[in-house]
Amino acid sequence: MSPLRPAGAGLGLRRELIPALQSRVPDAIDFFELAPENWIDLGGAWGRALRGFTERHPFVCHGLSLSLGGPAPLDEMLLAKIRQFMDAHGIALYTEHLSYCSDDGHLYDLLPIPFTEEAVHYVAARIRRAQDILERRIAIENASFYVASPIAEMDEARFVRAVLEEADCDLHLDVNNVYVNSVNHRYDPLDFIRAMP
């Protein structure tokens, strides 16, 4: 597995794009991103097609359902399957949302974590555990949210920085999410970006 992480412009790999991309990947695409949950147990023609891409192009995994801030136990079985998948395809980087999306089942939305010291410790511990299972650093993505938690001891930027520091993980900065939150919660998006490491 290469320690290098993809850089440049990436494209989310969707199954419907595969036929066109098999004939030619545009030069502008430097790497692909995929949701491992959509590919882990896929075999047959789709599995072979994916292998053809991962053998020729850099990839990153962007998780959709780990629910790092959720109240349910961390899905360690899913993490073990993701690690095996990443190892099998030579993928170095896994990113996941700094939010929660499940409790007693999937909620099908990314929900905000309260910006509290307790939540920093809770989420950071789960991120460290995820990194132990995946055997690699992960990057957390700042998530968009439409309603702020009524429980907040700090602003979003300070919360994100605190989690990054305590978890000893990387940041996947989603600029669109910064903009959405800046509109919804009335703050300067450039100030938020400048506050990130």
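Within any chain, residue numbers begin from 1 and follow the written order of that chain's sequence. Owing to the predicted nature of the model, reporting of local features is limited to residues with pLDDT of at least 70; listing and counting of side-chain atom pairs is limited to 80 or more, with chain, interface and lining totals taken over all residues. Hydrogens and water are ignored here; the side-chain numbers use all heavy atoms of the structure.

Participant: Give me the sheet that holds strand β8 (residues 170–172): which residues, what numbers.
Facilitator: DSSP calls a pair of strands paired once it identifies at least 2 bridges connecting them. Runs of H or I in DSSP of at least four residues are treated as helices and runs of E of at least two as strands, each being numbered from the N terminus. The parallel open sheet is built from six strands, whose spatial order is β1-β2-β3-β4-β7-β8. The sheet is open, and its two borders are formed by β1 (10–12) and β8, each paired with just one other strand. Strand-to-strand twist across the sheet, computed as the mean angle between neighbouring axes with direction ignored, equals 30°. As defined by bridge partners, strand β3 (residues 59–62) adjoins strand β4 (residues 93–97) across three bridges and the pair is classed as parallel. Following the sheet pairing, cysteine 61 is matched in β4 by tyrosine 94. Docked against the sheet, helix α3 (residues 76–89) engages β2 (31–34), β3 and β4, running at close to 145° with respect to β4. On top of the sheet, helix α4 (residues 117–134) reaches β4 and β7 (138–141); it is set at about 140° to β7, its chief contact. Axes here refer to lines fitted to C-alpha atoms; in helices the fit is confined to the stretch in contact. Angles between the N-to-C directions go from 0 to 180 degrees. Two residues form a contact once any of their heavy atoms are found within 4.5 Å.

Participant: Kindly report on unusual backbone geometry, identifying the contributing residues and their values.
Facilitator: The backbone phi angle of glutamate 135 is positive, close to 60°, even though this residue is not glycine. Not every positive phi belongs to a glycine, and arginine 186 is a case in point at roughly 55°. Tracing the sequence through the fold places arginine 186 in the loop between α6 (175–185) and α7 (189–195). By relative accessible area, arginine 186 is classed as exposed at 75%. Any residue under 20% of the maximum accessible area for its type is buried, any over 50% is exposed, and the rest in between are partly exposed; the area is computed with a 1.4 Å probe on protein chains only.

Participant: Explain the pattern of salt bridges to me, and be specific about the residues and the numbers.
Facilitator: A pair is scored as a salt bridge if a Lys or Arg side-chain nitrogen falls within 4 Å of a carboxyl oxygen belonging to Asp or Glu. Tallied over the entire structure, the rule returns eight salt bridges. For arginine 158, the salt bridge goes to glutamate 117, with nearest N and O atoms at 3.7 Å. Within this pair, whereas arginine 158 is found in helix α5 (residues 156–167), its partner glutamate 117 is found in helix α4, the two being separated by 41 residues in sequence. Residue arginine 158 is classed as partly exposed on the basis of its relative accessible area, which comes to 41%. Counted as one network, the salt bridges with shared partners bring together Arg137, Asp168 and Asp170.

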